[in-house]
Amino acid sequence: MNNNFLWGGATASYQCEGAWNVDDKAESMWDYYLHEAGLENGDVASDHYHRYEEDIRMMKEGGQNSYRFSLSWPRIIKNRQGDINLKGIEFYQNLLDTCKKYDIEPFVTLYHWDLPQYWEETGGWLDHDVCAAFEHYAKVCYDHFGDKITNWTTFNEPKWFVANGYKIGNYPPGYQDTQKTMIAAYNVMYASALGVKAFKEGGYPGQIGIVHSYTPVNGVDESIETKIAMRYADNYCNNWILDTAALGKFPVDLIAELAKSHDISFMKTAELQTIKQNTVDFIGLNYYSRTLVKPYTGGETQLQFNHSGKKGESKVLIKNWFEQVKDPANETTEWDTEIYPKGLQDGLIEAYERYQLPLYVTENGIGVREDVSVSQVDDAYRIAFMNDHINAIFNAIDAGCDVRGYYAWSPFDLYSWKNGVEKRYGLVAVDFENNQIRKPKASYYWFKEMIESQGKLIKRREF
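The rules behind each value
Residues numbered from 1 in each chain as written. Predicted model: local features only at pLDDT ≥ 70, side-chain atom pairs only at ≥ 80, totals over all residues. Heavy atoms only, no water. Helix = DSSP H or I, 4+ residues; strand = E, 2+ residues; numbered from the N terminus. Buried < 20%, exposed > 50% of the residue type's maximum accessible area, 1.4 Å probe, protein only. Contact = heavy atoms within 4.5 Å. Areas by Shrake-Rupley, 256 points an atom, 1.4 Å probe, with all protein chains shown as cover. Arc of directions from axis to C-beta. Pairing = 2+ DSSP bridges. Axes fitted to C-alpha atoms, helices over the stretch in contact; angles between N-to-C directions. UniProt positions renumbered as here; feature names shortened; annotations may be inferred. Polar contact = N/O pair within 3.5 Å; in protein donor to acceptor, adjacent residues only side chain to side chain. Parallel < 35°, antiparallel > 145°, perpendicular 65-115°, else oblique. Left-handed = near helix turned anticlockwise from the far one by under 90°. Nonpolar A, V, L, I, M, F, W, Y, C, P; charged D, E, K, R; others polar.

Novice: Would you explain the overall build of the chain in this entry?
Specialist: The helix and strand tally for the chain stands at 15 helices and 15 strands. Taken along its principal axes, the extent of the C-alpha atoms in the chain is 55 × 55 × 45 Å. Per-residue burial over the chain gives 62% buried out of 463 residues. The contacts in the chain between residues at least 6 apart in sequence include a share of 77% that link residues at least 24 apart. Counting every atom, the chain has about 17600 Å² of accessible surface; 48% of that belongs to carbon and sulfur.

Structure follows, in structure tokens:
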């Protein structure tokens, strides 16, 4: 383990900042969607907007040397004309200066799902003009913060916000339409390439990557039918983001399959060339679980995700492609996420062999209902989870992978999208009922000792 390894926690602007209408911030698509639907929202969330210094100081005191966070597009750009909100710029300048004060390396995401509502009103990621608007926003960020940031990423988890927003329909804008999903996916990956292009042409210091919700794919057996199902699943889960960002091309077999029944004329040769020429410097992988599949047996497409925390509510089946199955031997969280650290080890090795780029584990954690009224949450389950996943990273490094950082999701409890605040991931408890008071959990102190030991505290095993 080298001394430059980044150990930290990760957050997202909408999930932690609160201050949703403070200091001339524009409305985001999530503000609008959650308010209109009367759902639990992130209006206050962890109130990180007003408490970032306390949070960053606690990161430092917890042994962490890096903080992965996202910038809020609607906090920085006021309108479709691209006017800059200087109060938003000032907030992030202060946050970055606080990182420097505490010797915390910022690792910054440009887009973690909170599209300005003024762009959602024109069609959101279906509106091709949003790609150029993203490039403008990216340049504004590079110009104002470029001297304070070494590691940038364009997008966090395109698969989640595209699939959930345009195909599954449980995130804004709430469509269930394969054609719209294809257009949104294409526009996001083109916008990402424009963000990379602006960064490289501008000669800014540092490097730029993308962050993907990584679910390495396993099959139930070695049959050719299962191998075909695995390829379909890998294209759906991973390849349209990672191949496109790292290799500069969408998987052609995926496009060929979709072209049988859908229009692909929106994919323009000149734009595909821009994607080809503007690949990322590194890859961030968010890992929570793998995808275990068997060949398709029958039935209509089902994409169901668990937002209730009642077990057994999730189901993934894509007609004629694959069916996701569960391994009964493995434990799952209350939200049906399989706990499978070997998947991280295998996935890192697969990604490194395929892309030959530096890797960061940009999110990893476990969401649990917890009583935070106690003086210290005893989250031994989180310690065990982190131990096994950090062990998996060490195994991958031993196998020759260039892994450069690990970020716990999350450094403190925050708002968890459609799950509200009952699904807690933090190393530090936030009492949402009592003034957002912060109290470190047992895992916070374990993580500190683990970092200070340079990983020697980790109980090692081969999977």
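Novice: Would you mind going over helix H12 (residues 269-277) with me for this structure?
Specialist: Counting along an α-helix, one turn takes 3.6 residues, and residues three or four places apart therefore face a common direction. Where H12 is concerned, the buried positions are Glu 271, Thr 274 and Ile 275. For H12, the angular spread of buried residues about the axis comes to 100 degrees, placing them on one side. Away from the buried face of H12 by more than 90 degrees, exposed residues Thr 269, Ala 270 and Gln 277 are located. The inward-facing, buried residues of H12 abut helix H9 (178-201) and helix H10 (224-247).

Novice: Can you walk me through the sheet that holds strand E8 (residues 291-295) in this structure?
Specialist: Note: strands within a sheet are paired through backbone hydrogen bonds, in either parallel or antiparallel orientation. Strands sit in the order E6-E8-E11-E10-E9 across an open sheet of five strands; the sheet is mixed. At either end of the open sheet lies a strand with only one pairing partner, and these are strand E6 (217-219) and strand E9 (302-304). Neighbour-to-neighbour, the strand axes of this sheet turn through a mean angle of 30 degrees, independent of strand direction. Bridge analysis of strand E10 (residues 315-318) against strand E11 (residues 322-324) gives two bridges, and the strand direction is antiparallel. Among the inter-strand pairings, Leu 317 is bridged to a residue of E11, identified as Glu 323.

Novice: What is the right way to look at the sheet that holds strand E4 (residues 151-156) in this model?
Specialist: The eight strands are arranged E1-E2-E3-E4-E5-E7-E12-E13 in a closed barrel whose pairing can be described as parallel. Along the sheet, successive strands turn relative to each other by an average axial angle of 25 degrees, direction set aside. The pairing of strand E5 (residues 207-214) with strand E7 (residues 282-287) spans six bridges and is classified as parallel. Considered in E7, the bridge of Ser 213 is made with Asn 286. Sitting on the sheet, helix H14 (residues 380-398) is in contact with strand E1 (6-10), E7, strand E12 (359-363) and strand E13 (403-408), with an inclination near 170 degrees to E13.

Novice: Which parts of the structure should I look at to understand the UniProt feature "active site" (unreviewed entry) in the chain?
Specialist: UniProt tags Glu 363 as "active site" (unreviewed entry). Within the fold, Glu 363 resides in strand E12. Contacts of Glu 363, omitting those with residues within four sequence positions, involve Ala 10, Arg 68, His 112, Asn 156, Glu 157, Leu 285, Asn 286, Tyr 287, Tyr 288, Tyr 407 and Trp 409. Among the polar contacts listed, one links the side chain of Glu 363 to the side chain of Arg 68, at a separation of 3.3 Å.

Novice: Hey, could you run me through the packing of helix H5 (residues 86-101) against helix H7 (residues 129-145) in this one?
Specialist: Each pair of packed helices can be described by the angle between their axes along with the distance between the axes. In contact at an axis separation of 11 Å, H5 and H7 are set at 50 degrees when each is read in the N-to-C sense. When the axis of H5 is compared with that of H7, the two are oblique. Considering the relative orientation of H5 and H7, their crossing is right-handed. Residues Ile 89, Tyr 92, Gln 93 and Leu 96 of H5 touch H7, and the partners they reach there are Val 140, His 144 and Phe 145. Of the residues contributing to the contact of H5 with H7, the split by class is five nonpolar, two polar and no charged.

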